[in-house]
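Listed below, chain by chain, are the residues.
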Amino acid sequence: MRISRAWTGVGQLRRAATAGALVVALFGVAACTGTAPGGPAVAGSAPASTGAPPTPAGAPPTPTGGPPAPAQVPDVLRFTGTTLGGAAFDAAQLAGKPVVLWFWAPWCATCASQAWTVAEIEPRYRDTVPIVGVAGLGERKAMKEFVTEFDLGATPQIEDTKGALWKRFKVTEQSIFVIIDRNGTVVHHGFLDGEALTAKVTALAGA
């Protein structure tokens, strides 16, 4: 009778040990198939939320806040040239801004009187209303001397000894100012004295 009870106790211990081993094994399997921090999700579980709403298929990309697109170049600014200093000049770079084209000749007394005003206001409005000289009806040497005499070296001066730009803008005499607004529309074509030029450039800068 004592032997039977002993075997019964041993059997109970064995069953308890087996059950404990099964529990440990099940926990081990669960631990191996779980999701580690930063690891892949368990199959069948919902994906982790990123905090951003889903993007519908085929929807256009969201703007990233990059630099604005360049301004469209109007036909009036589709021309190139060479400055008196020998640098290439492309008027397309002026698109989106009001522009003043100053057609002058080196021997013109009226142009000389306007040169002082141009030299004074051009640095002030360079970034908002660029002023570009177009030198014609003279020799290149005389044009460069004119620029030096009136301290116009910082103002772009296109050499137009053949008169190509003068013809393009229908300029038949000097001194003529052609003013183009930011939309590419010519808003003035003709003579301006220093005071009137300053007033127009100031108005364009504030527009």
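Above this note sits the structure.
Now for a quick tour of the structure.

Examining the overall build of the chain
Working step 1: Secondary structure summary: the chain contains five helices and seven strands in total.
Working step 2: For the chain, the succession of helices and strands along the chain, N to C, is α-β-β-β-α-β-α-β-α-β-β-α.
Working step 3: Counting all 207 residues of the chain, 32% fall into the buried class.
Working step 4: Sequence-distant contacts, at least 24 apart, represent 68% of the contacts inside the chain between residues at least 6 apart.
Working step 5: When the accessible surface of the chain is totalled, it reaches about 13400 Å², and 60% of it is carbon and sulfur.

Details of the sheet that holds strand β6 (residues 176-180)
Working step 1: Reading across from one edge, β5-β4-β3-β6-β7 is the order of the five strands in this open sheet, with mixed pairing throughout. Every other strand in the sheet has two partners, leaving β5 (157-159) and β7 (186-190) as the edge strands with one partner each. Going from strand to strand, the sheet's axes swing by 15° on average, the running direction of each strand aside.
Working step 2: Two strands pair when backbone bridges link them, and β6 and β7 are joined in this way by four bridges, in the antiparallel orientation. Counterpart to Ile-180 in the pairing with β7 is Val-186.
Working step 3: Helix α2 (residues 109-125) contacts β3 (99-104), β4 (131-135) and β6 of the sheet and is inclined by roughly 150° relative to β3.

Comments concerning the packing of α2 against helix α5 (residues 194-206)
Working step 1: In contact at an axis separation of 10 Å, α2 and α5 are set at 10° when each is read in the N-to-C sense. With respect to α5, the axis of α2 lies roughly parallel. Along the contact surface, α2 presents Thr-117, Val-118, Ile-121 and Tyr-125, while α5 presents Gly-194, Leu-197, Thr-198, Val-201, Thr-202 and Ala-205.
Working step 2: Within the contact of α2 with α5, the residues separate by chemical class into six nonpolar, four polar and no charged.

Points about the side chain of Asp-181
Working step 1: Checked against the element boundaries, Asp-181 lands in the loop between β6 and β7.
Working step 2: One buried charged residue, Asp-181, remains without a salt bridge, the closest side chain of opposite sign being Arg-182 at 7.4 Å.
Working step 3: A distance of 3.0 Å separates the side chain of Asp-181 from the backbone nitrogen of Asn-183, its partner in a polar contact.
Working step 4: Not counting residues up to four positions away in its chain, the partners in contact with Asp-181 are Lys-97, Pro-98 and Val-187.

Reading guide: rules and limits
Residues numbered from 1 in each chain as written. Predicted model: local features only at pLDDT ≥ 70, side-chain atom pairs only at ≥ 80, totals over all residues. Heavy atoms only, no water. Helix = DSSP H or I, 4+ residues; strand = E, 2+ residues; numbered from the N terminus. Buried < 20%, exposed > 50% of the residue type's maximum accessible area, 1.4 Å probe, protein only. Contact = heavy atoms within 4.5 Å. Areas by Shrake-Rupley, 256 points an atom, 1.4 Å probe, with all protein chains shown as cover. Pairing = 2+ DSSP bridges. Axes fitted to C-alpha atoms, helices over the stretch in contact; angles between N-to-C directions. Parallel < 35°, antiparallel > 145°, perpendicular 65-115°, else oblique. Nonpolar A, V, L, I, M, F, W, Y, C, P; charged D, E, K, R; others polar. Lys, Arg positive; Asp, Glu negative; His and termini not counted. Salt bridge = Lys/Arg side-chain N within 4 Å of Asp/Glu carboxyl O. Polar contact = N/O pair within 3.5 Å; in protein donor to acceptor, adjacent residues only side chain to side chain.

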